[in-house]
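Now for the letters of each chain:
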Amino acid sequence: MNAVSETTRRFQWLPEALSTYGPGLLVTAAVAMAAQFLSDHYGAPAMLMALLLGIAFHFLSEEGRCVAGIELSAKMILRIGVALLGMRISVDLLIGLGSGTIFLLVAAIAATILFGLAAAKVLGRGWRLALLTSGAVAICGASAAMAIAAVLPKNEFSERNLIFTVLSVTVLSTLAMIGYPILAQALGLDARGTGIFFGGTIHDVAQVVGAGFSVSPEAGETATLVKLIRVTMLAPVVLIFSIALRNVPQEGVEAGKRPPLLPGFVVAFLILAATNSVGMVPAAVAELGMEASRWSLLAGIVAVGMKTSLRRVLDVGGDAVALIVAETIFLGVFILAGMHYLGHL
């Protein structure tokens, strides 16, 4: 009897938690499934569908029973999805690609972020938007945007900038998936060179895979491998941003209270990557983890879309569009120049 009472006491918080967060979690899950359905049956990018459907249900985040659950999805669920990306990473990926190509990818990421900061200054845009857009372009699109947004100091434009960045990199990735195979053929790239170009420049993983395998199996495998190396750079870049910006004041945070040196989801990402590298993660578990990551990111971006008004996204301005397009072009030119130097072009 005592054991039953103790168990009941331990879980007495559960009904209240379900009542508070359940409606919002259920609605974000339902919209995420709708986005995946549209992606599976009509070929549209799942992230783009999740974002647009989320924006359409913006009213649910303003008041009512769904607010708390939407907030939880936009923060905790989203960060869980980023952390689980660590299951994609292993040391074998780095070894298999070669030091020259790895150095090119690292240099391209650093150069794109620096270019973004310089271009934003010329265009009169803030450094927060510059770091968000350039990091998303340089690393892994929407996933990088959400991870970077989690450590950037908040201001009144933070959510608007995140939605704009996710929407932009998803659209640009889709355009690149269509246009880059034509460009690769015009440049006379072989299968390996095509894979390096696609994996080093296209923003989102799904579009990299789509573009690569539309050319050849070898190009697809190389593109996926190169793209995963870029994903590996997510944790170091987020860590550097977190350290560099932890003393910058942000809205809604008490004065003198600083964020942790290393965000929890980055720690989880690194632990999972290290565990996977030493072969401690069974293939079935890794596959399950990646599915959980995909659905968590999908639900997270639905919630972020719900929290943002489309009118505010449109207010971001043409110079912000010019910034992210310029960063995309810069990355493509940098990778092609590096490939030429390495003899892949």
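These numbers come from a predicted model, not from an experiment.

## Some details on the side chain of T170
Piece 1. Its location among the elements puts T170 in helix α9 (residues 158-187).
Piece 2. A polar contact of 2.6 Å, which involves the side chain of T170, links it to the backbone oxygen of V166.
Piece 3. Setting aside residues up to four positions removed in sequence, T170 forms contacts with P45, M47, L48, D204 and Q207.

## Topic: the packing of aromatic side chains
Piece 1. Taken as a whole and assessed by the stated rule, the structure comprises five aromatic pairs.
Piece 2. Arranged with centres 5.0 Å apart and planes meeting at 25 degrees, the rings of Y180 and F197 form a pair that is stacked. Pair noted here: Y180 is in helix α9 and F197 is in helix α10 (residues 191-201), with a separation of 17 residues, a long-range link.
Piece 3. What makes Y180 buried here is its relative accessible area of 16%.
Piece 4. On the basis of an interplanar angle of 40 degrees and a centroid distance of 6.0 Å, the ring pair of F330 and F334 is categorised as tilted. Taken as a pair, F330 and F334 lie in helix α17 (residues 318-342) at a separation of four residues, close to a single helical turn.
Piece 5. You can call F334 partly exposed: its relative accessible area is 26%.
Piece 6. Here the aromatic residues F115, F330 and F334 are joined through ring pairs into a cluster of three or more.

Cut-offs used in this document
- Residues numbered from 1 in each chain as written.
- Predicted model: local features only at pLDDT ≥ 70, side-chain atom pairs only at ≥ 80, totals over all residues.
- Heavy atoms only, no water.
- Helix = DSSP H or I, 4+ residues; strand = E, 2+ residues; numbered from the N terminus.
- Polar contact = N/O pair within 3.5 Å; in protein donor to acceptor, adjacent residues only side chain to side chain.
- Contact = heavy atoms within 4.5 Å.
- Phe/Tyr/Trp six-rings, centres within 6.5 Å; stacked < 30°, edge-to-face > 60°.
- Buried < 20%, exposed > 50% of the residue type's maximum accessible area, 1.4 Å probe, protein only.

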